[in-house]
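Chain by chain, the residues:
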Amino acid sequence: MSGGQPETKIGRRGIAVAALLLTASALALLRPAPAFSQETELRGDVSDSAILADQHRKARQLRAQGSQDQNASAAAAQDTAPTTYQPASLGAVPDDRQTAGASNGIFDQPQTTDDPLADTTKPAKPRRPSTAAQRAHDSKADTKANTKTADKKKTKKKAGASTDSTTTAGIAVTGDQTDAAPTDDDGSNRRAVTIDSVDKRKLDPSQERTGSIDGQKVKPEDDPFAAPGVGIGTFVFRPTLEQGFTATSNADSSSTGKSAVLSETSLRFTATSDWRENSALITGHGLFRNTVSGEKINDAQGRIDGQLNVDLDNELRAIAKLGYEAAPESASSPDAIAGVNQQPLRQTLDGSLGLEKSVGKMRYALTGAVSHDFYGDAELTDGTSISQKDRNNTLYTATLRTGYEVSPALTPFTEVELGRRVYDQRLDTDGFERSSKRLGARAGVELDMGEKLSGEFSVGWLREALDDSRLPAIAGPSINADLKWSPERGTIIGLTGKTNVETTTTAGQSGDILYSGRLTGERQIRANLTANSALGLDWRDYTGSDGHDLILSAEAGLTWWLNRYTGLTTRVRTEKLTSNLPGRDYTANSVYLGLKVQR
C-alpha cells in the first residue's frame, strides 16, 4: 500500500497541471478581441503614409506574437498587466460614463479576470444601442471630438511639436527598438474626419456651384434673319418665294420695246447635304413674268445645278457637276428673230467630272465637260414657225490645270483647254459647216485668305476654228474671275468675269466673243436691313467685222425683314446698250417692289 502512494501524488499533480493548461487555453480563446474597425482603422480616407505605418505596426505585432509563443510558460507565470491600448485619435472609444452605463447582457464582451494565465487587453467598445436618440448623441460626441482634435493639431503645428504623445502611446514598440512611432505630421493612420463635420465646413468660393444654363446670356446669332431651312432626309432645304411688280420703260429690252407693268414671281432654293465626309449642293431658281398692263409679255426661265464632292484615297478628290437651263432667246441677242410672237426657247444641258490631286506643293486638276444646246421653233406673227434645229450643237472640252502652292493663301496655276464643238446637222440651211475645234490657254492665281479674300483670277487666249474654210476662226483674249472680298464684317464685295464664244447660223458669219463682268456689293446695315448694289459691263466683239456692242447696267436694292420668314424688297435698275451696228441700241429703266418669304 505504501508503494502506491507516490504514484498517486504524481498523478494528482499531473492532473492539476493539465487542468491549469486547459483553463488557460479556454481563457485565451474567450479573450475579448478589439473591433475590426479599430484594428484595421478603416474609417474614412487613408493616406499612403498611414498604410505604410499600419504595415510596420502589424509586423511588430507578429514579431511580438512569436516572442510570446516561445515564452508561453514564462508569460503565464507573470502577474503584470500589459499597457492598455489607446486609440490613435480622440473619440475612438466610449467615455467612462458610457462604459459604466452599459448593461451586462448576453452580447456584452467578457470582463477581464485576475487569472494570471489570461491576457489582459483593453475593454472592447460596447454595442451601440439602436435607438435614434443614442445615435444622435453619438453623432454630436464624434463631432465635438473631431473639433477638439482639429484644435489640437493647430496648436501642435504652431508650437512645432513633431510627435503626438497619444499616438506614440497607442502604438507600443514590443519587438524592434529601432522602429520609431509615427507622428501626426507624417500622415499616420488616424481616424478620418466625419462626413458631418465636412458638411459644416465653409465652402471655397472658387468651388461654388455655377449658375444654371437658363440664367446665362445666349450668344447672339451671326445672322438672326437667315433662313433656318427644312430637313428633308440628309439635306437641308431652304426655299425662297418672292412676288412683286415691276414698272419698266422697255419690257423686252430691245430697240423696239415698250413700257409695261409686269407681275414677277421668283422662286429660289438651295439644298445642302448633311453628310460626315462628302458633300453635295443643289441650287435652283425660276422667274415667271406676266403683263399686267402695257406691252404683252408672258415668259418663264430657270436653271438648276447640282454638285457632288467626293474625297478619295491618297489626297485625290472627285467633283461632279450637272445642270439644266431653259430660257427664251433674248430680244437683244445677235441671233434674235424679228417679227415673232415669242423668241425660240433655248435649253442647255451640261455636266462635268473632275479629279484633283495634291503631290507635295504641286496641285493637279483634270476636268472633262459636256454641254448640249438645243432650240425650239420660232413662232411668227402670221401663225407659221421657223425651225431652229440647225443651231443645235454639243461642246466637248477637256481642261488640265497645274498649280504650285507658294503659301496656303496663294497658288499660281496654268491651264490648257482642248475641245470640239459638233453640230447635230453637218451643214446648216445655208450650206456652211459649223462644227469647230477649240483651243485655249490661261494663267492665273488662286487666293484663299478665308472670309477676307477668296477666289481665282486668270487671263489667257481662246480660239475656236470652224471646219468651213470660208468662215474665219473666232479668237481673242480670255478673261475669267470669281473673287469675293470682305473689307469688314457685314460687307461683301464680289467680282465675276467670264468669256464666252457665241456661235451663229447667219450666212457668212462665224460668231462673236462676249466678255461679261459684274461688280456686286452687299452691306448689312442692320440685322434686319440689307442693302445691295451691282454694276455690269458687257462687251461683244463680232468676228469678221468691226462690229461691237457695249452694255452698261447698274442696280441698287434694299431688303427689310419683318421677321425671320417675311421681308419687303425693292430695287431700281437701268441698262443701256450701245452698238455701231444699226437697229441695236436701247435703254431700259425699271422699278420693282415685292414681298419675300423664306423658310
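What you see is a predicted model, and the numbers here were worked out from it, not measured in a lab.

Before going further, it helps to spend a moment on the overall build of the chain. The secondary structure content of the chain amounts to 8 helices and 22 strands. Looking at the chain as a whole, 28% of its 599 residues qualify as buried. Of the contacts made within the chain by residues no fewer than 6 positions apart, 56% connect residues no fewer than 24 positions apart. If you sum the accessible surface of the chain, you get close to 37,900 Å²; carbon and sulfur atoms cover 57% of it.

The subject of this paragraph is the packing of aromatic side chains. Scanning the model with the defined rule gives 2 aromatic pairs in all. Ring centres of Phe237 and Phe269 lie 5.6 Å apart, and the angle between their planes is 35°; on these two criteria the pair is classed as tilted. Taken together, the residues span a long stretch of sequence, with Phe237 in strand E2 (residues 235-248) and Phe269 in strand E3 (residues 260-273) at a distance of 32 residues. Just above the ring of Tyr375 sits the side chain of Arg391; from NZ or CZ to the centre is 4.0 Å.

Once that is clear, we can look at the pairing of E3. By the bridge criterion, 14 bridges tie E2 to E3 in an arrangement that is antiparallel. Each residue of the ladder has a partner; that of Gly244, found in E3, is Glu264. In terms of strand pairing, E3 meets strand E4 (residues 279-294) through 13 bridges, oriented antiparallel. In the strand pairing of E4, Leu267 is matched with Gly286. Where E3 hands over to E4, the hairpin turn is made up of 5 residues, counted between the paired strands.

Below, the discussion takes up a nonpolar patch on the surface. On the surface, Leu241, Leu267, Trp560, Leu562, Leu568, Leu595 and Val597 cluster together to form a nonpolar patch covering roughly 600 Å² of accessible area. Structurally, Leu595 can be placed in strand E22 (residues 586-598). Note on Leu595: relative accessible area 38%, which makes it partly exposed.

So, about the confidence of the model for the chain. Per-residue pLDDT for the chain has a mean of 79; in total, 68% of the residues score no lower than 70. Every residue in residues 96-108 is under pLDDT 50, and counting partners more than four places away or in other chains gives 6 contacts. Throughout residues 152-189 the model reports pLDDT below 50, and contacts reaching past four residues in sequence, or to other chains, amount to 45 contacts.

A positive phi angle, close to 50°, is found at Ser253, a residue other than glycine. Locating Ser253 in the fold gives a position in the loop between E2 and E3. For Ser253, a relative accessible area of 22% corresponds to the partly exposed category.

Here we come to the pattern of salt bridges. Applying the stated criterion to the full structure yields 31 salt bridges. Measuring nitrogen to oxygen at the nearest pair gives 3.6 Å for the salt bridge that ties Glu242 to Arg571. Of this pair, Glu242 sits in strand E2 while Arg571 sits in strand E21 (residues 566-579), and the two are 329 residues apart along the sequence. Overall, Arg571 belongs to the partly exposed group, its relative accessible area being 27%. Across the pair Arg346 and Asp373 runs a salt bridge, and its minimum N-O distance is 3.4 Å. Taken together, the residues span a long stretch of sequence, with Arg346 in strand E8 (residues 345-359) and Asp373 in strand E9 (residues 362-375) at a distance of 27 residues. One network of salt bridges, with partners in common, ties together Arg401, Glu415, Glu417, Arg421, Arg438, Arg442, Glu446, Glu456 and Glu464.

Another aspect to go through is the side chain of Asp549. Position of Asp549 relative to the elements: it lies in strand E20 (residues 548-561). A polar contact is formed between the side chain of Asp549 and the side chain of Tyr542, at a distance of 2.7 Å. Only 3.0 Å separates the side chain of Asp549 from the side chain of Arg584, close enough to count as a polar contact. Those residues in contact with Asp549, other than ones at most four positions away along the chain, are Asp538, Trp539, Arg540, Tyr542, Thr578, Ser579 and Arg584.

Reading the values: rules and limits
Residues numbered from 1 in each chain as written. Predicted model: local features only at pLDDT ≥ 70, side-chain atom pairs only at ≥ 80, totals over all residues. Heavy atoms only, no water. Helix = DSSP H or I, 4+ residues; strand = E, 2+ residues; numbered from the N terminus. Buried < 20%, exposed > 50% of the residue type's maximum accessible area, 1.4 Å probe, protein only. Contact = heavy atoms within 4.5 Å. Areas by Shrake-Rupley, 256 points an atom, 1.4 Å probe, with all protein chains shown as cover. Phe/Tyr/Trp six-rings, centres within 6.5 Å; stacked < 30°, edge-to-face > 60°. Lys NZ or Arg CZ within 6 Å of the ring centre and 35° of its normal. Pairing = 2+ DSSP bridges. Patch = residues over 30% accessible without salt bridge, like charges linked within 9 Å, V, L, I, M, F, W, Y side chains within 5 Å. Salt bridge = Lys/Arg side-chain N within 4 Å of Asp/Glu carboxyl O. pLDDT = per-residue confidence, 0-100. Polar contact = N/O pair within 3.5 Å; in protein donor to acceptor, adjacent residues only side chain to side chain.

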